[in-house]
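Residue-level structural notes
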Amino acid sequence: MDSTILEAVTTETFAVWFLIGAALVFFMQAGFAMVEAGFTRAKNTGNIIMKNLMDFCIGTVVFVIIGFSLLMGEDLVGLIGKPGFDIFTSYESFDFSTFVFNLVFCATTATIVSGAMAERTKFLSYCIYSGVISALIYPIEAHWIWGGGWLSQLGFHDFAGSCAIHMVGGISALIGAKLLGPRIGKFKKDEKGKVVKVNAFPGHSIALGALGVFILWLGWYGFNGAACTSIEQLGSVFLTTTVAPAVATVVCMIFTWIKYGKPDVSMCLNASLAGLVAITAPCDVTDALGAAIIGAVAGVLVVFGVWLLDHKLRIDDPVGAVAVHCMNGIWGTIAVGLFATDTAPGYAIADASGETMTGLFYGGGFKLLGIQLTGFATVALWTAVTITVTFLIIKKVVGLRVSREEEIEGLDATEHGLPSAYAGFAMLPEYIDEDDAPVAVTGDVPVAEAVEVKEMPKVAADVRPASGEKITKVEVVCKEAKLESLKNAMVGIGITGMTVTHVLGCGVQKGKPEYYRGVEVEASLLPKIQVDIVVCKVPVAQVVETAKKVLYTGHIGDGKIFVYDVENVVKVRTGEEGYDALQDIEQF
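Here the structure is a predicted model, which means the values were calculated and not measured.

Regarding the overall build of the protein
A count of helical and extended segments in the protein gives 18 helices and eleven strands. Restricting to contacts in the protein with at least 6 residues of sequence separation, those with at least 24 account for 78%.

Structure, rendered in structure tokens:
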């Protein structure tokens, strides 16, 4: 009787822990949001928060409708679960806990893609492909592994999702980032189109990114441990889930310290996640030594992955999602075939005939490793084909990428009507080296209206400098995003001295209306750049025409140019005046 009671209590306790683990996994959505927001630029923070919110909400809707039944429904020839609506028709006998548990895992898969495609993806397009991942791509391959499908019948092992979740999300992120293209200014090219420099876009808040990593690490104890069925197994999983990311982070710190001269903060944060991803599949079947080796490899692999994407594949991944999830998801899947040991509590890896299999490094030969490689290859192929088709259809129908102007301004403003995710804080303008890209004329406003030129009152001839040279000040007020192009154009015609000021202002149009919670926000002053150039020998007309050419897009608000006569210029240090005072500013 005592053993029966104890067994019942244990069963009920782990049933409760199962749901607590699901809640921890749900909380990981906050971690993903913080990591992605912190590792990207402030002008896109609202967009990123919205995407991470909608990942779960859209995922829930489609998972209720079709995803859950494809994943956990009655097995059909080992490929998919039988579609059904038991959640609506047989609610009294529905497995509520299993639904919630699988739902939070499903949402994680779609979230991974967000980071790699951040800062330039249309929000509508994101909602569509996030829904497709949660409705079809993830549930079908997860059925193969966890729903009684053909891979589980072979003996393929992925305890918590290195393959089913992280690799699938990482491959989707890789393909999406490739089709989307890099952010403006990420790769600098020469006149032949060859990439000559990779530009860094530092995240706007390492503190947010670090908070996200700690949230994710906490949530990972539920991610890996929720399915455990004994205290011993749960303790072992917690141990491996701690050792692997810790070792990965230490190894990454040492590696980056040696390679770059300083320990890289953001890379070490990525390494913690890489170690967690890598241990997710083998967390229940490896020991402390195996976990340490898995973590050490992950710590180097994440650095290699970031380098590979930037310098070889030329794929822009703002948060390192591909290096963390794709590469270490693959590594974690393979690691099962290398480090699985039957000394782990609750060990249960067996082939179709029931024969126990262990990893190559623990005397098990190549059998388990071969099954793991088969699972990796087939799931990767399924994901690559389906997500590529999805992206291409979206690209054809609604488009994947926002316009150049929208990307430069920021997705908070252009996609959500949110002036800033940090209301009340001044944001420093961003200057992007656009590689002298041609100006895209998108409007039909004449140049004279879009870039207005005003000549200010003339200076009397008798107050000109003694040298007799005419001195003119050209004042340009324009959009912040145009500063780099304007500066390069001025240097190109011989102007090497200018003063740049951040200003606020608005024309008669008062800017576009903005809304917060459906209420129009009263028009405020818009940030602009004022560039002052004093010229003497360089023709004023050339300066004005060059500026007009650079600034013009065909819309009202391209800028204004003011031309002033200058009475005199005095160099304080030497006392020189007029033309002579400008000699170290202009090159003639």
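Observations concerning the packing of aromatic side chains
The full count for this structure, using the stated rule, is 22 aromatic pairs. Aromatic rings pair up to connect Phe18, Phe101, Phe105, Trp146, Trp220 and Phe223 into one cluster. Note that Lys473 overlies the ring of Tyr564, its terminal NZ or CZ placed 4.9 Å from the centroid.

Quick notes on the packing of helix H5 (residues 123-146) against helix H7 (residues 162-180)
Where H5 contacts H7, the axes come no closer than 10 Å and their chain directions differ by 140°. If you check the angle between H5 and H7, you find them oblique. With respect to the hand of their crossing, H5 and H7 are arranged in right-handed fashion. For the pair H5 and H7, the contacting residues are Ile133, Ile137, Tyr138, Glu141, Ile145 and Trp146 in the first and Cys163, Ala164, Ile165, Val168 and Ser172 in the second. In terms of residue class, the contact of H5 with H7 is built from nine nonpolar, one polar and one charged.

Considerations on the environment of Ala413
Within the secondary structure, Ala413 sits in helix H15 (residues 411-416). Measuring from C-alpha to C-alpha, the distance between Ala413 and Asn44 comes to 8.3 Å, with 369 residues separating the pair along the chain.

Description of the confidence of the model for the protein
Across the protein, pLDDT averages 88, with 88% of residues at or above 70. In this model, residues 436-442 is a region of pLDDT below 50 whose contacts with residues beyond four sequence positions or in other chains number 14 contacts. Note that residues 459-463 has pLDDT below 50 and, in this model, five contacts with residues that lie over four places away or in other chains.

Some points on helix H12 (residues 321-339)
The terminal C-alpha atoms of H12, which comprises 19 residues, lie 25 Å apart, in line with the 27 Å expected from a rise of 1.5 Å per residue. In the structure, H12 departs most strongly from a straight axis at Asn328, where the bend amounts to approximately 30°. Counting buried positions along H12 gives 19 out of 19 residues, so the element sits mostly inside the fold.

What to know about the pairing of strand S10 (residues 526-535)
The side chains of a regular strand alternate between both faces of the sheet. Burial runs high along S10: seven of the ten residues are buried. Sheet topology places strand S6 (residues 471-478) next to S10; seven bridges connect them, and they run antiparallel. By the bridge assignment, Cys478 is partnered in S10 with Ile529.

A word on unusual backbone geometry
The residue Val77 is not glycine, and still its phi comes out positive at about 50°. By secondary structure assignment, the location of Val77 is in the loop between strand S1 (75-76) and strand S2 (80-81). Phi is positive for Arg314, close to 55°, though the residue is something other than glycine. As for its position among the elements, Arg314 is in the loop between helix H11 (288-313) and H12.

Thoughts on the side chain of Arg183
Topologically, Arg183 is positioned in the loop between H7 and strand S3 (187-189). Of note is the side chain of Arg183, whose polar atom sits 2.5 Å from the side chain of Glu119. The contacts of Arg183, once residues within four sequence positions are left out, are Arg41, Ala118, Glu119, Arg120, Phe201, Asp316, Pro318, Arg401 and Glu407.

Side note on the pattern of salt bridges
If you walk through the whole model with that rule in mind, you get eleven salt bridges. With a closest N to O distance of 2.4 Å, Asp351 and Lys367 form a salt bridge. Of this pair, Asp351 sits in the loop between H12 and helix H13 (367-397) while Lys367 sits in helix H13; the two residues are 16 residues apart in sequence, bridging distant segments of the chain. Classification of Asp351 as buried rests on a relative accessible area of 10%. Note that Glu576 and Lys571 form a salt bridge whose closest N and O atoms lie 3.3 Å from each other. With relative accessibility at 33%, the residue Glu576 sits in the partly exposed group. Owing to a relative accessible area of 15%, Lys571 belongs among the buried residues under this scheme. Salt bridges sharing partners connect three or more residues here, namely Arg41, Glu119, Arg183 and Asp316.

With respect to a nonpolar patch on the surface
Taken together, Val250, Met253, Ile254, Trp257 and Ile258 make up a surface patch of nonpolar side chains, about 500 Å² in accessible area. Along the chain, Trp257 turns up in helix H9 (residues 231-260). Here Trp257 falls in the partly exposed class, since its relative accessible area comes to 46%.

What counts, and at which threshold
Residues numbered from 1 in each chain as written. Predicted model: local features only at pLDDT ≥ 70, side-chain atom pairs only at ≥ 80, totals over all residues. Heavy atoms only, no water. Helix = DSSP H or I, 4+ residues; strand = E, 2+ residues; numbered from the N terminus. Contact = heavy atoms within 4.5 Å. Phe/Tyr/Trp six-rings, centres within 6.5 Å; stacked < 30°, edge-to-face > 60°. Lys NZ or Arg CZ within 6 Å of the ring centre and 35° of its normal. Axes fitted to C-alpha atoms, helices over the stretch in contact; angles between N-to-C directions. Parallel < 35°, antiparallel > 145°, perpendicular 65-115°, else oblique. Left-handed = near helix turned anticlockwise from the far one by under 90°. Nonpolar A, V, L, I, M, F, W, Y, C, P; charged D, E, K, R; others polar. pLDDT = per-residue confidence, 0-100. Expected span 1.5 Å × (residues − 1). Bend = angle between axes of the 7 residues up to and from the residue. Buried < 20%, exposed > 50% of the residue type's maximum accessible area, 1.4 Å probe, protein only. Pairing = 2+ DSSP bridges. Polar contact = N/O pair within 3.5 Å; in protein donor to acceptor, adjacent residues only side chain to side chain. Salt bridge = Lys/Arg side-chain N within 4 Å of Asp/Glu carboxyl O. Patch = residues over 30% accessible without salt bridge, like charges linked within 9 Å, V, L, I, M, F, W, Y side chains within 5 Å. Areas by Shrake-Rupley, 256 points an atom, 1.4 Å probe, with all protein chains shown as cover.

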